[in-house]
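What follows is each chain in one-letter form.
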Amino acid sequence: MKRSFWSTHWFAGLAFGLVFLLIAYVVLPTAFGRVETAAYDLGVSMASGTPSNQIAVVAIDDASIKQLGRWPWPRDYHADLIDRLHEDHARVIATTVLLSEDQLDLGSVYIRSMIDFYDHCSPLGAAAPFVPAAGSSAAAAKAASDCPPNAVLPEAGESIKVPAPVKQALVSLRQKMQDAETTLDVDSKLAASIKAAGDVVIPMVFTVGQPLGRPGDSTPAYILKNALGPVIATPEDQGQPLPTSAMSVPVAQFAQAAASVGFLNDTPDADGALRAEPLVLRYYDLYYPSLALSVAMKYLNLRPDDVHVIPSQGVKVGGLFIGTTPHLRMRNNYYSGTGSNPPFPLYSFADVKLGKIPAEAFQDKIVLIGATATGLGDRFPTPTSAGMAPVLVLANVVSSILQQQFFTQPQWTYWVTLGTLLLVLVYIAFALPRLKPGLGALISLGLLIAMVAVEFSMLENRHLWIMLMIPALMLVTGHLVMTVKLSGLTSRLLVRTEADSAESNKMLGLAFQGQGQLDMAFDKFRKCPMDNSIADLLYNLALDYERKRQFNKAGSVYQYIHEYDPKFRDVNERLQRSKQLEGTVILGGAGSTAAGTLIMSGEGVQKPMLGRYQVEKELGKGAMGVVYLGRDPKINRVVAIKTMALSQEFEADELEEVKQRFFREAETAGRLNHPNIVTIYDAGEEHDLAYIAMEFLKGKDLTGHIKPNTLLPAARVMDIVSHAAEALDYAHKQNVVHRDIKPANIMYEEDTGAIKLTDFGIARITDSSKTKTGMVLGTPSYMSPEQLSGKKVDGRSDLFSLGVTLYQMLSGQLPFQADSMATLMFKIANEPHAPITTLRPELPAVIDAIVNKALQKDPAQRYQNGADFARDIRAAALQIGQ
């Protein structure tokens, strides 16, 4: 016995472990990997480390954009900044702004052509000879042959005599043109500033991917000089830097003037987060450093030959060794600031350019320049930020290199993870079954705490990543599985059968019938031995099916009784009647009568039931279904029952989701308790016919008061709209948006003046519903621009619809009208409405202001809540009088 127990449980534990490992590392490696990366992110955010105090960031921020103008800026702005930083004795200057294209001023090109014409195509050049600066024009060598036909040049040997004052004026004119060209040549100015500053590092970009052939063009010498020194390789090295297939280099004059060029490539993980940065990329046979590595090299006065790449291990930078992944990606630290202070000093570009920052802020420091302004460039999630600008990522990477504060994962850490998994497997399969439950729980908890503590302490204090979260997850799930197994619960569940006694089946059948689950009740009743008492129960069940208009199912029950006793009560007549009706009325199904209308009465037919409500009569039909007058027999409450045949409005693959949304919206609307909002009592479903039972209202909706000849007095309209606005304000505070405010959804009782908003939550159900003609259900004339465009809507959309209702009830016409749906949608989204006082001049001007604000296209310009809308309406009503 003991041997059997032991063999059963160790096999179960071993099987669980193998299945868990298969799922974690083969079936769902990405999902389980996220558990480890989540732990890594938390560990990085907790890790100790002080950011380098030798780094400062100059941000192209929102304040700079506002002060200096729209991006991109002229490059002389960057030149001025670099000049300023050079004057402040910055040690290394690096920018993340790409300089891969010329920034030519059209005026500069035109002036250059004027100078060439002056020098080579006119006698003026001959009279006032001028030697152009080297490289000032590519066309200078062949200018004479390129002159236009109307050019007048002196003949060979011909001399031109020009008075000295004129000659001096010509020379002065030529110099002014030369000065204008120099001023407009911002690229040359920036290149001169980069060269004068000395240690300036600029970016280039690679296309990561395996090259398919050989490079098409030879790499420029000013790029080749940045290639790193020898690669230290050993036979067991397998890893290589990420390969690249193309490069985008800076403009030649910038690259030649810069101290070095480094690549600016981000390589996010599968979830889009930046956790590691490549220090080196391979372009065919050469290795190139990243921008961060280039900055660190310049700060340490190192040349490319001083950097050695060790594949699979890391990069040796002078006296520093940086451990990396096999692809030479460094898991850098991400520093946290203190209080409200960022980890690195952050200065606005405009303030630095204009000299507002003291020189001491940049003296002997690494200054990084890059964009942080909203919408300017990409942002990446990191372990410490949901969206970090590239220049701040660069600052963290440079600091990690200089401070030697990066995270490594040596080869032995994988063996530790494997060993821990095996230890957990042995514990679950062989040790846990022998332990008492209490002791086993304590040991499992201790092992769990130990694994979590080791991973986080190594990340925080030693910057080592030992992946122990999957072993910890295996321990927790394995302990739970084995606890259930050892308790014998699974055995009891497996041996449980349907050996219910006749009495228990009878009681279960009655319980299901009382809950309205008639199919399950029928199933239980059929398991009982048939006698007259069970026949009575089945007869009543068939009557319930009739009330629900499920005549085919009622016929099945009558048939079952008929087989037992054909003369039982009037079962034979009812069986025949059910067969006649079952082909014409299927409640809520495809065979229903128009719009799902119920057959209300007939000879021998029970009054229909919807849930616990008895349907008395039909009140009317709407776009979404039929409304009935109903009664709750238990408390004699009269209700209005609004139905919707979901199976007719939605495809089969959408039906289940729509049902869930319907009841969720009905539940939300049922939570509203306001004197001007109709009360929801109940919601349910009868064979794909969804229904909502609500407060029965004596009044009528406002559709009878929107024609020019049936309008209500203006003061009464203002009172109605103010109450509706207050009701919407209450609903919006409960996070409920109506989505279909219109006169048809506002009930009005003329005797008391009371109003009630109806159909909360219903409009949302029909957002994806299509009618048989393909038109979207709803009322476009009352919809807000954002609702028509399919954007997410909030309470301000309801206030727009209420503004349309106010306009129509005062003027007798809609503010936006068109012959087609497309034209109507365009007018609502783009065109202004006619002022209401042009239709009813007797109304005060304040009404125009209220309507105009309510019908603003931009939600931010409308009323922001119903309370403000109601307040202005009531104030305007005082000016109208009776």
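Above this note sits the structure.
Computed from a predicted model, the values in this text were never measured in an experiment.

**Some details on the layout of surface pockets**
Reasoning step 1: Here the second largest pocket is characterised by a volume of approximately 900 Å³.
Reasoning step 2: What lines the second largest pocket is a set of 34 residues, among which R331, Q409, Y414, W465 and M467 lie closest to the centre.
Reasoning step 3: Elements represented by at least two residues in the lining of the second largest pocket include exactly α2 (29-46), β11 (320-323), β12 (329-332) and α15 (411-431).
Reasoning step 4: With six residues, the top contributor of residues to the lining of the second largest pocket is α2.

**Considerations on the packing of helix α22 (residues 551-564) against helix α23 (residues 571-581)**
Reasoning step 1: Contact geometry for α22 and α23: axes closest at 8 Å, N-to-C directions at 150 degrees. By the angle class used here, α22 and α23 are roughly antiparallel. For α22 against α23, the interelement crossing comes out left-handed. Touching F551, A554, G555, Y558, Q559, I561 and H562 of α22 are V571, N572, R574, L575, S578, K579 and L581, all from α23.
Reasoning step 2: Class assignment for the residues of the contact of α22 with α23 results in seven nonpolar, five polar and two charged.

**Some details on the packing of α15 against helix α16 (residues 437-462)**
The relative placement of two packed helices is expressed as an angle between their axes plus a distance between the axes.
Reasoning step 1: Where α15 contacts α16, the two axes come as close as 12 Å, and the packing angle between them is 175 degrees. Taken together, the axes of α15 and α16 are roughly antiparallel relative to one another. Touching T420, V424 and Y427 of α15 are G440, I443, S444, L447 and M451, all from α16.
Reasoning step 2: Here the contact of α15 with α16 is built from residues that sort into five nonpolar, three polar and no charged.

**Overview of a negative patch on the surface**
Reasoning step 1: A cluster of acidic side chains, namely E651, D653, E654 and E657, defines a negative patch on the protein surface.
Reasoning step 2: With respect to the secondary-structure elements, D653 resides in helix α25 (residues 652-670).
Reasoning step 3: Assessed through its relative accessible area of 70%, D653 is described here as exposed.

**Regarding the environment of I466**
Reasoning step 1: Its place among the elements puts I466 in the loop between α16 and α17 (469-487).
Reasoning step 2: Owing to a relative accessible area of 4%, I466 belongs among the buried residues under this scheme.
Reasoning step 3: With 426 residues separating them in the primary sequence, I466 and Y40 have C-alpha atoms 9.3 Å apart.
Reasoning step 4: Sequence-distant contacts of I466, that is, excluding residues within four places in its chain, are made with W412, T413, V416, T417, E455 and M458.

**Details of the side chain of S260**
Reasoning step 1: Tracing the chain through its elements places S260 in strand β5 (residues 260-263).
Reasoning step 2: The class of S260 is buried, set by a relative accessible area of 6%.
Reasoning step 3: With near-sequence residues (within four places) excluded, S260 lies in contact with V200, V201, I202, N226, S294 and K298.

**Quick look at a nonpolar patch on the surface**
Reasoning step 1: A cluster of nonpolar side chains, contributed by V19, L22, I23, Y25, V26, V27 and L28, occupies part of the molecular surface with about 610 Å² of accessible area.
Reasoning step 2: Tracing the chain through its elements places Y25 in helix α1 (residues 2-27).

**Things to note about unusual backbone geometry**
Reasoning step 1: Of note, the amide linkage connecting W71 to P72 takes the cis form, showing an omega dihedral of 5 degrees.
Reasoning step 2: When you line up the elements, P72 lands in the loop between α3 (62-68) and α4 (75-87).
Reasoning step 3: A positive phi is found at R739, a non-glycine position, where the angle reads about 80 degrees.
Reasoning step 4: Looking at the secondary structure, you find R739 in the loop between α26 (714-733) and β25 (746-748).
Reasoning step 5: Given the relative accessible area of 16%, R739 is considered buried.

**A word on the nonpolar core**
Reasoning step 1: Core analysis: the biggest nonpolar cluster contains 60 residues, and F760, L806, L810 and F869 have the highest contact counts within it.
Reasoning step 2: Take this core: its biggest share by element is 10 residues, from α26.
Reasoning step 3: Counting residues in each nonpolar core, the second largest holds 48 residues, with V280, A292, F344 and A395 among its members.

**Quick notes on the sheet that holds β11**
Note on sheets: strands pair through backbone hydrogen bonds, and any given pair is parallel or antiparallel.
Reasoning step 1: Read across the open sheet, the three strands follow the order β9-β10-β11; overall the sheet is antiparallel. Edge positions in the sheet fall to β9 (307-310) and β11, since each has one partner strand and no second. Between one strand axis and the next, the sheet turns by 15 degrees as a mean value, whatever way the strands run.

**Digging into the side chain of H674**
Reasoning step 1: Mapped onto the fold, H674 is located in the loop between α25 and β22 (680-686).
Reasoning step 2: Residue H674 is classed as buried on the basis of its relative accessible area, which comes to 17%.
Reasoning step 3: In contact with H674, not counting residues within four places along its chain, are E726, A727 and Y730.

**Some remarks on helix α31 (residues 845-854)**
The periodicity of an α-helix, 3.6 residues per turn, causes residues three or four places apart in sequence to face the same way.
Reasoning step 1: Along α31, the positions that sit buried rather than exposed are I847, D848, I850, V851 and A854. The buried residues of α31 occupy one face: seen down the axis, they fall within an arc of 165 degrees.

**Focus: the pairing of strand β2 (residues 92-95)**
Taken residue by residue, a regular strand's side chains alternate between the two faces of the sheet.
Reasoning step 1: Every second residue of β2 is oriented toward a common face, with V92 and A94 on one face and I93 and T95 on the other, all of them buried.
Reasoning step 2: For β2 and strand β14 (residues 366-371), the ladder comprises four bridges, and the chain directions are parallel. Paired with I93 across the strands is V367, a residue of β14.

The rules we used
Residue positions are given per chain, counting from 1 as you read along its sequence in written order. The model is predicted, so local features are restricted to residues of pLDDT at least 70 and side-chain atom pairs to those at 80 or more, both for listing and for counting; the totals for chains, interfaces and linings are taken over all residues. Heavy atoms throughout the structure, all of them, feed into the side-chain values; hydrogens and water do not. Cavities and pockets are found on a 1 Å grid laid over the protein atoms alone: a cavity is a set of points where a 1.4 Å probe fits but cannot escape, a pocket is an open set with protein on both sides within 12 Å along at least five of seven lines, and a lining residue has an atom within 4 Å of such a point. Grid points are joined across faces, edges and corners, and a volume is the space filled by probe spheres set on the points. Numbered from the N terminus, helices here are DSSP runs of H or I no shorter than four residues, and strands are runs of E no shorter than two. Note on geometry: axes are lines fitted to C-alpha atoms, helical ones only across the stretch in contact, with angles between N-to-C directions running from 0 to 180 degrees. An angle below 35 degrees is treated as roughly parallel, one above 145 as roughly antiparallel, one from 65 to 115 as roughly perpendicular, and anything else as oblique. Each crossing is labelled by how the near helix is turned from the far one, with a counterclockwise turn of less than a right angle marking it left-handed and a clockwise turn marking it right-handed. Here, residues are in contact when the closest pair of their heavy atoms is within 4.5 Å. Charged means Asp, Glu, Lys or Arg here, nonpolar means Ala, Val, Leu, Ile, Met, Phe, Trp, Tyr, Cys or Pro, and polar covers whatever is left, Gly included. Patch building starts from residues that exceed 30% relative accessible area and form no salt bridge, then joins like charges within 9 Å and nonpolar side chains (Val, Leu, Ile, Met, Phe, Trp, Tyr) within 5 Å. Note on areas: Shrake-Rupley with a 1.4 Å probe; residue coverage comes only from the protein chains shown. Counted as salt bridges are all cases of a side-chain nitrogen of Lys or Arg within 4 Å of a carboxyl oxygen of Asp or Glu. For the purpose of counting charges, residues Lys and Arg are taken to be positive, whereas Asp and Glu are taken to be negative. His and the chain ends are not included. Lysine's charge is taken at NZ, arginine's at CZ, aspartate's at CG and glutamate's at CD. Between buried and exposed lies partly exposed: a residue is buried under 20% and exposed over 50% of the maximum accessible area for its type, with that area taken using a 1.4 Å probe on protein chains only. Within this scheme, the nonpolar core is defined by two criteria: the residues are buried Ala, Val, Leu, Ile, Met, Phe, Trp, Tyr or Cys, and they are joined through side-chain atoms within 4.5 Å. In this description, strands pair whenever DSSP reports at least two bridges between them. The directions from the helix axis to the C-beta atoms form the arc being described.

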